Amino acid sequence: MPLSEELTPKNNSAASYFPVSANSANNKYDWEVVVGFFIKSLHDLELEKSLKSLDDFKALCKNHFIDKLDGEPFWSVIEKMYFDSRQVLNITPEMQALKVLNIDKSSSGDQRLTLLFNSLMGDIEVSSAPKAQLNFLEREVKKVFDSPLVTNESQRVRKQHIAYLPFLSEQFQKDLKFLVSYPDHFLQNVKAFLKLYGFLYTAQLSLNIKSWAYKPEVKPCYFILDSEKASKERTKLQLHGHKQVIESSNSLFPYLALNESLQDTKKLISPLWKLFEELSEKDLSALNNYASIFHEDRKLTTEQKLADTTIDAIGNLTQLFTEQFKKGSTRETAFNNFVKATRETLIHPFEQNRRRAGSFLILNQDYLLLLTNLSIGKSDKLRLHELLIEFQKRGVFFDKSSEECLIDFFERMGNVERMSDSGDAVYVKKTI
């Protein structure tokens, strides 16, 4: 039975499928630390508990090199090269795990954000990833990192809820496998990669959240390049762009909180659309009873009716969970905290106000090149229309005006190949 055996009102939480909290004090995020936690999870690493700071790791390296290099004078050069500039973190991708050291604040927000990417990552293993090309000093530092004094293989089993957006999880896993096959490129782009997918997940989850009676699918979400002009006359951008994402994201908290309340969160839980698939008429009485109890507990004013079908019962509950956050309610502050943190953390890096034209979703040059390389993947090049289809699979859409700007951008980058003067066969090549 998919429903929890005991359906009773409890504190609202979206934790299983979204990293943002209703408590503003818990919404502190540091993307550098998130990268560290993600790398730990990706490589199944645990840091030795006695390692409290990067200085502790430096001390281990110092002892190692003094034994190797006949005294201390050589060490000061190595310290300046790798530790004073923190370049030690960039020797290999897995050494980014050291970023979780020196944390002087609560990392609960960073850990929740990492869980989002873990859920997208699924069961990916990177044991076959190519090794980074290291000089002899870097190889010795890496030996210290790989020693039991610093790292051990994690014994934790990743808790994997059923993916809320299976289509996006599939793309994330495909792109991650490709990215880790280029260690240097991965090092340079891992934070941007996580930020990009953090936004894509937020946008697509927002656009799909109310369609809980159906399995999620890619919804149009239109961007412009940061270098192009914008106007209110571009219909697709107005109807399926920034405004649509912001408005839809307001439904995340009530719908995800409902989903959590219907299941035992101590076990692996299902997305609301999957839960609905598994309901039967035998569950109708429990859903109606829960709606009645919840209505009374939250002191709501909406007139209640008994639902005749499970789809109506879930529909009633979505209305109740939304109404509890209405303006003037005791839970309005919690709702506002959630909405504010969602926008500041996950949406803001991809939005830009263009004054009279309004606000738009933006891709700058760095994100566009990253997305292009991921979309081309193992191929050497793709036709432009094939590349645009790959963009759309990941939730990134462009109108005709932006497509023309794309071609201009790729030509300036020198990664366009025209097979005919007509422009029908325009190929875009990877930049890595």
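Scroll up a little and you will see the structure.
What counts and what doesn't
- Residues numbered from 1 in each chain as written.
- Predicted model: local features only at pLDDT ≥ 70, side-chain atom pairs only at ≥ 80, totals over all residues.
- Heavy atoms only, no water.
- Helix = DSSP H or I, 4+ residues; strand = E, 2+ residues; numbered from the N terminus.
- Rg over C-alpha atoms; globule rule 2.2 N^0.38 Å.
- Buried < 20%, exposed > 50% of the residue type's maximum accessible area, 1.4 Å probe, protein only.
- Contact = heavy atoms within 4.5 Å.
- Areas by Shrake-Rupley, 256 points an atom, 1.4 Å probe, with all protein chains shown as cover.
- Lys, Arg positive; Asp, Glu negative; His and termini not counted.
- Charge placed at Lys NZ, Arg CZ, Asp CG, Glu CD.
- Pairing = 2+ DSSP bridges.
- Salt bridge = Lys/Arg side-chain N within 4 Å of Asp/Glu carboxyl O.

1. A word on the overall build of the chain
Scanning the chain from terminus to terminus reveals 17 helices and 8 strands. For a compact globule of 432 residues, the expected C-alpha radius of gyration is about 22 Å, and the chain comes in at 25 Å, within 12% of that figure. In terms of principal-axis extent, the alpha carbons of the chain reach across some 80 × 65 × 40 Å. Split into buried and exposed, the 432 residues of the chain put 53% on the buried side. Restricting the contact set of the chain to residue pairs at least 6 apart, pairs at least 24 apart contribute 78%. As displayed, the chain offers around 21,600 Å² of accessible surface, 47% of which is attributable to carbon and sulfur atoms. Each charge class in the chain was averaged separately, 57 positive and 58 negative side chains, and the resulting centres sit 3 Å apart.

2. A look at the pairing of strand β5 (residues 359-363)
Counted residue by residue, β5 has 4 buried out of 5 residues, so it is predominantly covered. One ladder, built from 2 bridges, connects strand β3 (residues 224-225) with β5; its direction is parallel. What sits directly across from I224, in β5, is I362. Here strand β4 (residues 351-353) hands over to β5 after 5 residues, with R355 in that stretch at a positive phi of 55°.

3. Re unusual backbone geometry
In the Ramachandran plot, D44 falls in the positive-phi region, its phi being about 50° despite a non-glycine side chain. With respect to the helices, strands and loops of the structure, D44 is situated in the loop between α1 (31-42) and β1 (45-47). Even without glycine at this site, R355 takes up a positive phi of about 55°.

4. Looking at the sheet that holds β5
Here 3 strands make up an open sheet; going across it, the order is β3-β5-β4 and the pairing mixed. The sheet is open, and its two borders are formed by β3 and β4, each paired with just one other strand.

5. Description of the pattern of salt bridges
Per the counting criterion, the structure on display carries 22 salt bridges. Of the charged contacts, one joins E140 and K143 as a salt bridge, the two residues approaching to 3.3 Å between their closest N and O atoms. Of the two residues, E140 and K143 are both situated in helix α5 (residues 136-146); the distance of 3 residues between them amounts to about one turn of the helix. Overall, the relative accessible area of 47% leaves K143 in the partly exposed class. As a salt-bridge pair, K174 and E390 come within 3.6 Å of each other at their nearest N and O atoms. Of this pair, K174 sits in helix α6 (residues 166-180) while E390 is found in helix α16 (residues 384-393), placing the two residues 216 residues apart along the sequence. Connected through salt bridges with shared partners, the residues K174, D175, E390, K393 and R394 form a single ionic network.

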